[in-house]
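Chain by chain, the residues run as shown.
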Amino acid sequence: MEAKTVITGAEVILLSLIKENVDTIFGYPGGAIMPLYDKLYDQNSSFRHILVRHEQGAAHAAQAYAQVTGKAGVCFATSGPGATNLITGITNANLDSIPVIFITAQVPSPLLGTDAFQETDIVSLSMPVTKWNYQVTKAEEIPDAIAKAFYFATTGRPGPVLLDITKDVQLQEFNYQYRRISYVRSYNPNPIISAIDLQQIADMINSAKKPLLLAGHGILLANACSELEAFVNKTKMPVAVTLLGKSAIPDDHPQFVGMLGMHGNYAPNMLTNEADLIIAAGMRFDDRVTGDTLRYAKKARIIHIDIDKAELNKNVKADMAIHADIKDFLKKILPEIYFVVDASWRKEFTRLNDIESEKVIVKECFPGEGKIRPGEVVNLVSRKTNREAIIVTDVGQNQMMGARYYQFKNPNTLITSGGLGTMGFGLPASVGAQVGRADKTVILFTGDGGFQMTVQELGTIFQYNLPVKIVIFNNNFLGMVRQWQELFNKRRYAETNMPTPDFPLLANAYGITSDMVSERKQLDQALDNMLMHDGPYLLEVKIEKEANVFPMIYPGKAVNEIVLDNNGQEYK
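Residues numbered from 1 in each chain as written. Predicted model: local features only at pLDDT ≥ 70, side-chain atom pairs only at ≥ 80, totals over all residues. Heavy atoms only, no water.

Draft legend 1. Region of the structure containing the overall build of the protein chain. Secondary structure assignment for the protein chain yields 23 helices and 20 strands. In terms of overall dimensions, the protein chain is globule-like: its C-alpha atoms have a radius of gyration of 24 Å, near the 25 Å expected for 572 residues. Dimensions of the protein chain, computed from C-alpha atoms along their principal axes, come out at roughly 70 × 65 × 40 Å. Within the protein chain, buried positions represent 58% of all 572 residues. For the protein chain, the proportion of contacts with a sequence separation of at least 24, taken over those separated by at least 6, is 76%. (Helix = DSSP H or I, 4+ residues; strand = E, 2+ residues; numbered from the N terminus. Rg over C-alpha atoms; globule rule 2.2 N^0.38 Å. Buried < 20%, exposed > 50% of the residue type's maximum accessible area, 1.4 Å probe, protein only. Contact = heavy atoms within 4.5 Å.)

Written out as structure tokens, the structure reads:
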């Protein structure tokens, strides 16, 4: 048993983080959290602290760090505005199921409830968007609170937790002892699959004629990519992915048929409504995936497997709703399967993918004339990096282009804001991704609008000389909103036309090498210059002002009413 030591609450926080194998913290100091930062000064050999330029940046960076490392991210912020600036990032991590430990400081406990300077009830504010939160008002509670925080954040369906620790607690001394937690009453993160359910599911799979497996973010969170590949290799079952499921299976895998959703691939969306069996693996039937749920997969029996019981039968009624860890499920179901998909079903996906290639992909990736297209930039970057880079996107058209046209090879190499769709996510997330994987090339695809929301994080990139490669698609528009205004509001571009600063000059002010291209003949060399540069690099790419992202499922439409161009024409 570990010997007890009399130390301050601030020291206890840091020692407890060391016990949880934390070595990186993203944060921003302030008055109420000053005791913790003072002790961090003494522990600079144990931690790498990344000083961001805004607390929202710390939250997004910690999330991306968690995604690329498989560890929980850790984030510090002070009371009041420091804590409230985290809310967007906490919500983002919550909707995308990412384990992040948010530690906020609070005014001294005697002042709680008095509207003291920089006092905000962050526990109440964050309650709807955290997996667990707690306010620490006694120093003796710190070790147990931190142990619970890591246990809740990283087990079951992962998610963010928040600990709010008053300033006086950080200064109090007490006898410190730390025990990691592996059990909390009434919390069961490891559900058991019944043999009867497994057999029933095996019978459904073995009798299917037109099955389709939908792989979600849960595959990546459960580290179940090899189990997924083993399953589709044995069954030859077509597998499609959600946006956050991208990179769960290599894009060149023979059974991979594309991405689902509003701007996903033509074949998997169309054939969802032709399948006779849908296996939903670690995904939650988000509205951007299902379209009109009243007309979704009506020919199919549905098997839904998810670690979060609350997701089962929430959006789409399942014939078999299985509360299970997807890695455990895939391991156990594989020996029970003897079914192999008929080649004629697989050929339907090939036929429809060929239509999309002709009508959309070739025109986007190999336009030959006109303004530069985002798809051709992403496609070139994919080839020049041998598909090995970590791709971070902001939100909007740049996000869809990055997801669609980078050919992912390795797990957890697409970092993007899925459920919340947070503009401004990209730049701070690229910080976290690069800090977490210094051995990887990290490339950010962002738009001129989203980039300006968190542009101050160029300061963080400059300070730590993080070799992030930033590609700004600049069309002087809020591109995705403008696309909707074109399609549904008769080109009434209300407040989406956005003049932008000189981005290369702005990067130079932060000591970051930069360039701008507006002609196709400049693009190849500009990308080579960016990728070969040792440090951070910003490349502004002037793109077609009114370029749209297709395919698209219009709001309120069924998944098989997907269109391939501005004319709204369907091809079958």
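Right, picking up where we left off after that structure.
Draft legend 2. Inspection of helix α11 (residues 225-235) at higher detail. Buried residues of α11: C225, E227, L228, F231, V232 and T235, and no others. Seen along its axis, α11 keeps its buried residues to an arc of 165 degrees; they face one direction. Elements in contact with the buried residues of α11: α9 (195-206), β9 (211-215), α10 (217-221), β10 (239-241), β12 (277-281) and α14 (326-333). Residue K236 follows α11 closely and has a positive phi angle near 60 degrees. (Arc of directions from axis to C-beta.)

Draft legend 3. Representation of the side chain of Q399. Structurally, the position occupied by Q399 is in helix α17 (residues 397-405). Take Q399: its relative accessible area is 6%, and that puts it in the buried class. Residue contacts for Q399: discarding those within four places in its chain leaves L243, T393, D394, T416 and S417.

Draft legend 4. Geometry of the sheet that holds strand β7 (residues 161-166). Across the sheet, which stays open at both edges, the six strands sit in the order β3-β2-β4-β5-β7-β6 with parallel pairing between neighbours. Either end of the sheet is taken by a strand with one partner, and the two such strands are β3 (48-51) and β6 (132-136). Neighbour to neighbour, the strand axes of the sheet diverge by 20 degrees on average, direction disregarded. Relative to strand β4 (residues 73-77), strand β2 (residues 24-27) runs parallel, the two being bridged by two bridges. (Pairing = 2+ DSSP bridges. Axes fitted to C-alpha atoms, helices over the stretch in contact; angles between N-to-C directions.)

Draft legend 5. Region of interest: helix α5 (residues 87-95). Along α5, the residues classified as buried are G89, I90, T91, N92 and A93. Residues of α5 that are buried make contact with α3 (55-69), β5 (100-106) and β7. Where α5 ends, the next residue or the one after it, S97, has phi of about 60 degrees, a positive value.

Draft legend 6. Main features of unusual backbone geometry. The omega angle of the peptide bond from F550 to P551 is 0 degrees, so this bond is cis rather than trans. Locating P551 in the fold gives a position in the segment after β20 (537-542). Phi at Q118 takes a positive value of approximately 60 degrees, unusual for a residue other than glycine. Under the relative-accessibility criterion, Q118 is labelled partly exposed at 28%. Not every positive phi belongs to a glycine, and N476 is a case in point at roughly 55 degrees. Along the polypeptide, N476 turns up in the loop between β18 (469-474) and α21 (479-488).

Draft legend 7. Summary view of the pattern of salt bridges. Applying the stated criterion across every chain yields a total of 30 salt bridges. When the shortest N-O distance is used, the salt bridge between D251 and K246 registers 2.9 Å. Given a relative accessible area of 3%, K246 falls into the buried group. The closest approach of N and O atoms between R295 and D292, which form a salt bridge, is 2.9 Å. By sharing partners, the salt bridges in this structure join R157, D308, E311 and K314 into a single network. (Salt bridge = Lys/Arg side-chain N within 4 Å of Asp/Glu carboxyl O.)

Draft legend 8. Molecular detail of the nonpolar core. I205, L213, I219, L228 and F231 are the most contacted members of the largest nonpolar core, which totals 100 residues. Discounting chain neighbours no more than four positions away, the residues touching I219 are A224, C225, L228, A248, A281, I326 and L330. Of all hydrophobic cores here, the second largest spans 46 residues; its members include A59, A83, I415 and F503. (Core = buried A, V, L, I, M, F, W, Y, C linked by side-chain atoms within 4.5 Å.)

Draft legend 9. Just the pairing of β9, in detail. Where burial is concerned, most of β9 is hidden: five out of the five residues are buried. Burial along β9 is two-sided: the residues P211, L213 and A215 and L212 and L214 are all buried. Pairing of β9 with β12 involves five bridges; the strand directions are parallel. Counterpart to P211 in the pairing with β12 is L277. Both β9 and β10 contribute to a ladder of three bridges, which runs parallel. Within β10, the residue paired with A215 across the bridge is V241.

Draft legend 10. Layout of the environment of F174. Tracing the backbone through its elements, the reader meets F174 in strand β8 (residues 173-176). For F174 and I7, which are 167 residues apart along the polypeptide, the C-alpha to C-alpha distance reads 5.8 Å.

Draft legend 11. Structural view of the sheet that holds β12. The strand order β11-β10-β9-β12-β13-β14 describes an open sheet built from six strands, whose pairing is parallel. Taken across any chain shown, the strands that pair with only one partner, and hence form the sheet edges, are β11 (256-259) and β14 (320-323). Geometrically, the sheet is characterised by an average inter-axis angle of 15 degrees between neighbouring strands, direction not taken into account. Set on the sheet, α9 makes contact with β12, β13 (301-306) and β14; between it and β14 the angle comes to about 135 degrees. Each of β9, β10 and β12 touches α11; the most contacted strand, β9, lies at about 170 degrees to it.

Draft legend 12. Summary view of the pairing of β5. With respect to burial, β5 is a largely interior element, seven of its seven residues being buried. Here five bridges tie β4 to β5, and the two strands are oriented parallel to one another. Its bridge partner lying in β5, C75 is registered against F102. Summarising the sheet, β5 and β7 pair through six bridges and their orientation is parallel. Looking at β7, one finds that A105 is bridged to I165.

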